[in-house]
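# Examination of the molecular architecture
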Amino acid sequence: MRKKIVAGNWKMNKNLEEGLSLASEVINIAVDEITPSAGVTIVLNPSFVHLASVRKLIPAGKHVFLGAQNCHHKASGAFTGEISVEMLKSLPVDYTIIGHSERREYFGETNALIAEKLNLLLANGITPIFCCGEALPIREAETHLAYVAQQITESLFHLSAEDLQKVVIAYEPIWAIGTGKTASSAQAQEMHAHLRQHLAGKYGQDVANEISILYGGSCNPSNARELFACADVDGGLIGGASLKARDFIEIAKSF
Ligand code: PEP
């Protein structure tokens, strides 16, 4: 049974006091209102500088986990200002987002570079949340299915089946991120089913069926239920709505 996951990507928002307040609120409501038997994994992804503090708030043995928003693609060395996977492991973090479209667009990250990050995370026992997704012109040209499958081929297909099953995929159409324009459930399901079949073509259906594929892009408490009801949508990567504890939890309760 693949995991149901709702991960909040706080991006470059919240100072330390605000971040700790948001994290406490989310954790308290999550522990009170969502039982572990609901089978939902909740991941908080604050900025790097808040990770150690938020870590201390997360109770052990619960369904709330800690994630980073990025990592460097080299293990260590002269990369001033960067954060290594080894540093994240020492906190520890449980998950790390890689290949977010904002990283691809503003920091020139390529599928090959993201594969290097993925390898380091897996070697250090941290679950990568691998983001993929197409820009609007690609969707309008109706080449989106092949485009996103190619992102997966180039960043993931060097992995063994065993390692692939440790990866979470987040499909995030760029035209839906932060725009209020959500993909319809039919559009999300079409892409998620396509990506699962793409994985099955290389690794077999049993392996593909084990991979959680999250949807991201203007997901909110009003549309989450319909999106999460899709057969191949296993949860969400949530940006804006993860900054409000109640909204985020309502999304996590939408399965
Ligand atoms: C994101 O950036 O990962 C995201 C899904 O953002 P939003 O929910 O704000 O569209």
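Above this text you will find the structure in question.
What comes next is a walk through the structure. Keep in mind the model is a prediction, meaning the values are calculated, not measured.

## Brief notes about the overall build of the protein
For the protein, the helix and strand inventory stands at twelve helices and eight strands. Its C-alpha atoms give the protein a radius of gyration of 17 Å, within 12% of the compact-globule value 18 Å for 255 residues. Along the first, second and third principal axes, the C-alpha set of the protein runs to 45 × 45 × 35 Å. Residues classed as buried in the protein amount to 52% of the 255 residues present. Sequence separation of 24 or more characterises 72% of the internal contacts of the protein that already satisfy a separation of 6 or more. Both charge centroids of the protein, one from 22 positive and one from 27 negative side chains, sit 4 Å from each other.

## Considerations on the layout of surface pockets
Estimates place the volume of the largest pocket at around 510 Å³. Considering the residues around the largest pocket, the lining is formed by 19 residues, among which Lys11, Met12, Gln69, Arg103 and Phe107 are closest to the centre. Tallying contributions element by element places helix α4 (residues 101-107) first for the lining of the largest pocket, with four residues. Across the lining of the largest pocket, the residue classes tally to eight nonpolar, seven polar and four charged. If you add up the space inside the second largest pocket, you get close to 190 Å³. Lining the second largest pocket are 16 residues, and of these Gly178, Gly217, Ser218, Gly239 and Gly240 sit closest to its centre. Residue classes in the lining of the second largest pocket are distributed as five nonpolar, nine polar and two charged.

## What to know about the sheet that holds strand β3 (residues 64-68)
As summarised here, the arrangement of the eight strands in space is β1-β2-β3-β4-β5-β6-β7-β8, forming a closed barrel in which the pairing is parallel. Taking the axes of each pair of neighbouring strands and ignoring which way they run, one obtains an average angle of 25° across the sheet. The pairing of strand β7 (residues 213-216) with strand β8 (residues 235-238) spans two bridges and is classified as parallel. Looking across to β8, one finds that Gly216 is bridged to Leu237. In the packing of helix α9 (residues 185-203) onto the sheet, contacts are made with β5 (127-132), β6 (168-171) and β7, and the angle to β7 comes to roughly 150°.

## A word on the side chain of Glu172
Within the element layout of this structure, Glu172 appears in the loop between β6 and α9. Of the side chains with opposite charge, Lys11 lies nearest to the buried Glu172, which makes no salt bridge, at 6.8 Å. Those residues within four positions of Glu172 in sequence are excluded, and the remaining contacts are His100, Cys131, Cys132, Gly133, Glu134, Ile177, Gly216, Gly217 and Leu237.

## Focus: the nonpolar core
Grouped together as the largest cluster of nonpolar side chains are 67 residues, with contacts concentrated most on Leu44, Ile152, Leu156, Ile169 and Tyr215. Setting aside residues up to four positions removed in sequence, Ile152 forms contacts with Phe130, Cys132, Phe157, Ile169, Leu195, His198 and Leu199. Counting residues in hydrophobic clusters, the runner-up holds eleven residues, among them Ile5, Ala7, Ile97 and Cys131.

## Concerning the packing of aromatic side chains
For the structure shown, the criterion picks out four aromatic pairs. Residues Phe228 and Phe255 carry aromatic rings whose centres are separated by 4.6 Å and whose planes lie at 25° to one another, so their mutual orientation is stacked. Taken together, the residues Phe228 in helix α11 (residues 224-228) and Phe255 in the segment after α12 (245-252) connect sequence positions 27 residues apart. Overall, Phe228 belongs to the buried group, its relative accessible area being 7%. Directly above the aromatic system of Phe107 lies the positively charged group of Arg103, at a separation of 3.9 Å from the ring centroid. Directly above the aromatic system of Tyr203 lies the positively charged group of Lys202, at a separation of 5.9 Å from the ring centroid.

## Thoughts on the pattern of salt bridges
Scanning the entire structure with this criterion turns up 15 salt bridges. Of the charged contacts, one joins Lys253 and Glu33 as a salt bridge, the two residues approaching to 2.6 Å between their closest N and O atoms. Taken together, the positions of Lys253 in the segment after α12 and Glu33 in helix α1 (residues 16-33) put the pair 220 residues apart, joining distant regions of the chain. By relative accessible area, Lys253 is classed as partly exposed at 32%. By relative accessible area, Glu33 is classed as partly exposed at 33%. Between Lys74 and Glu116 there is a salt bridge whose closest N-O contact spans 3.2 Å. With a gap of 42 residues between them, Lys74 in the loop between β3 and α3 (85-90) and Glu116 in helix α5 (residues 111-123) connect regions that are remote in the sequence. Judged by its relative accessible area of 37%, Lys74 is partly exposed. Within this structure, Arg2, Arg196, Asp232 and Asp234 form a network of salt bridges that share partners.

Definitions and limits used
Every chain is numbered independently, its residues counted from 1 as its sequence is written. The predicted nature of this model means local features are confined to residues of pLDDT at least 70 and side-chain atom pairs, given and counted, to a pLDDT of 80 or more, with totals for whole chains, interfaces and linings taken over all residues. Only hydrogens and water are removed before side-chain values are computed, so all heavy atoms of the structure are retained for them. Helix numbers and strand numbers start at the N terminus; a helix is a DSSP run of H or I with at least 4 residues, a strand a run of E with at least 2. The globule rule used here is 2.2 Å times the number of residues to the 0.38 power, and the radius of gyration it is set against is calculated over C-alpha atoms. Categorising residues by exposure relies on relative accessible area from a 1.4 Å probe, with only protein chains included: less than 20% of the type maximum marks a residue as buried, more than 50% marks it as exposed, and the intermediate range marks it as partly exposed. Every residue pair with non-hydrogen atoms within 4.5 Å of one another is taken to be in contact. Asp and Glu are treated as the negative residues and Lys and Arg as the positive ones, with His and the ends of the chain left uncounted. In plain terms, the charge of a residue is placed at NZ if it is Lys, CZ if Arg, CG if Asp and CD if Glu. Of the two site types, the cavity is a set of points on a 1 Å grid over the protein atoms alone where a 1.4 Å probe fits but cannot get out, and the pocket is an open set with protein on both sides within 12 Å along at least five of seven lines, each lined by residues with an atom within 4 Å of a point. Grid points are joined across faces, edges and corners, and a volume is the space filled by probe spheres set on the points. Gly is put with the polar residues, along with every residue not named as nonpolar or charged; the nonpolar set is Ala, Val, Leu, Ile, Met, Phe, Trp, Tyr, Cys and Pro, and the charged set is Asp, Glu, Lys and Arg. In this scheme, strands are said to pair when DSSP sees at least two bridges between them. Think of each axis as a best-fit line through the C-alpha atoms, taken over the contacting stretch in the case of a helix, with angles from 0 to 180 degrees between the N-to-C directions. When a carboxyl oxygen of Asp or Glu is within 4 Å of a side-chain nitrogen of Lys or Arg, the pair counts as a salt bridge. Among buried residues, the Ala, Val, Leu, Ile, Met, Phe, Trp, Tyr and Cys ones that are joined through side-chain atoms within 4.5 Å form a nonpolar core. Note on aromatic contacts: the rings of Phe and Tyr and the six-membered ring of Trp form a pair at centre separations within 6.5 Å, being stacked when their planes are under 30 degrees apart, edge-to-face when over 60 apart, and tilted otherwise. We count a charge as sitting over a ring when the NZ of a lysine or the CZ of an arginine lies within 6 Å of the ring centre and within 35 degrees of the ring normal.

The analysis is restricted to geometry; functional conclusions fall outside its scope.
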